[in-house]
Amino acid sequence: NSKYAFLGGLRAAAQMISYEVSLGFVLVTVLLCAGSLNLTDIVRSQGHYWFGVIPAWYCIPLFPMFIVFFISSLAETNRSPFDIPEGESEIVAGFFVEYSSMCYVLFYLGEYANMFLMSGLTTILFLGGWLPLFPFAPFTWLPGPVWFILKICFCLWFFLWARATFPRYRYDQLMRLGWKVFLPLSLGWLVLTAGALMAFGWLPHQSS
């Protein structure tokens, strides 16, 4: 019956709902470009290189969506600067006030597992998955799983960097960013991407 845990739970639910909407539009944008729901096909659709050198990963043509996805991943995992549900300056520790010992540890393990999951999804959707950075030696000497792990570690480094760099958002700033910035941006970029694919005949089933 702690009011701090109740407020932290409300904040966590509102934050999750707000940023999952934008994440959904970002996913649809990537699926439009890949033409498949299969994660392997999404990686393979990024397998060509512009001018034989520049990787055609979706983080380049869909760069705004890449930024929205990464920042929304920070919010989904309750990582700083979006650790609003556990803001100790306002609600002591949020939903953590009623947990200690092993339950507290399991919450933290879940948070870090979520970080690994979102980093893996970012790697698959935007960073070419297990594909090498350049299509020539010595980059092709490394096997695919090594590239995949290196890219996940790269994403995790940004998670830690953001935590050590930015101050915590206020709750109203968090909601404004999710509903008034990310939602219109992701929806607009989705419409723009679909229009460009249709207008130029770049839809995957047309080019195959």
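Refer to the structure printed above.
Each value, and the rule that gives it
Residues numbered from 1 in each chain as written. Predicted model: local features only at pLDDT ≥ 70, side-chain atom pairs only at ≥ 80, totals over all residues. Heavy atoms only, no water. Helix = DSSP H or I, 4+ residues; strand = E, 2+ residues; numbered from the N terminus. Expected span 1.5 Å × (residues − 1). Buried < 20%, exposed > 50% of the residue type's maximum accessible area, 1.4 Å probe, protein only. Contact = heavy atoms within 4.5 Å. 1 Å grid on protein atoms, 1.4 Å probe; cavity = no way out; pocket = protein on both sides within 12 Å on 5 of 7 lines; lining within 4 Å. Points joined across faces, edges and corners; volume = space filled by probe spheres on them. Nonpolar A, V, L, I, M, F, W, Y, C, P; charged D, E, K, R; others polar. Polar contact = N/O pair within 3.5 Å; in protein donor to acceptor, adjacent residues only side chain to side chain. Salt bridge = Lys/Arg side-chain N within 4 Å of Asp/Glu carboxyl O.

**Q** Is there a simple way to explain helix H5 (residues 101-126) in this structure?
**A** One full turn of an α-helix is made of 3.6 residues, so residues set three or four places apart face in the same direction. In this model, H5 (26 residues) spans 38 Å end to end at C-alpha, consistent with the 38 Å of a helix rising 1.5 Å per residue. When H5 is considered as a whole, its buried residues turn out to be Glu111, Met115, Met118, Ser119, Gly120, Thr122, Thr123, Ile124, Leu125 and Phe126. On the buried face of H5, the contacting elements are helix H1 (3-34), helix H2 (39-44), helix H3 (63-76) and helix H6 (144-165).

**Q** Whenever I open this one, the layout of surface pockets confuses me. Can you help?
**A** Vacant regions in the atomic arrangement are exposed by a probe of water-molecule size rolled over the atoms. Estimates place the volume of the largest pocket at around 460 Å³. Around the largest pocket, the lining comprises 16 residues; the ones closest to its centre are Cys33, Tyr58, Pro61, Leu197 and Trp202. Among the secondary structure elements, those contributing two or more residues to the lining of the largest pocket are helix H7 (171-199) and helix H8 (204-207). Broken down by element, the lining of the largest pocket gets its largest block of residues, five residues, from H7. Within the lining of the largest pocket, the residues separate by chemical class into 12 nonpolar, four polar and no charged. Of the pockets and cavities examined, the second largest pocket occupies roughly 330 Å³. Here the residues of the lining of the second largest pocket are counted per class, giving 17 nonpolar, no polar and no charged.

**Q** Can you help me understand the side chain of Thr77 in this one?
**A** Within the secondary structure layout, Thr77 lies in the loop between H3 and helix H4 (88-91). Side-chain polar atoms of Thr77 contact the backbone oxygen of Ser73, separated by 2.8 Å. Among the polar contacts listed, one links the side chain of Thr77 to the backbone oxygen of Leu74, at a separation of 3.2 Å. Setting aside chain neighbours within four positions, we find Thr77 in contact with Glu111, Asn114, Met115, Met118 and Phe159.

**Q** Explain the pattern of salt bridges here, please?
**A** Pairing is possible between side chains of opposite charge, provided their charged atoms come close. Using the criterion set out here, one finds two salt bridges in the structure. Ionic pairing is found between Asp172 and Arg170, a salt bridge with its closest N-O pair at 3.0 Å. Given a relative accessible area of 35%, Asp172 falls into the partly exposed group. Residue classification places Arg170 among the partly exposed positions, given a relative accessible area of 48%. Two residues, Asp172 and Arg176, come together in a salt bridge whose shortest N-O distance is 3.4 Å. A residue pair is termed a helical-turn pair when its members lie 3 or 4 positions apart in one helix, as Asp172 and Arg176 do in helix H7 at four residues. Exposure remark for Arg176: the relative accessible area of 40% places this residue in the partly exposed category. Linked by salt bridges that have partners in common, Arg170, Asp172 and Arg176 make up one network.

Keep in mind that these numbers describe shape and distance, not what the molecule does.
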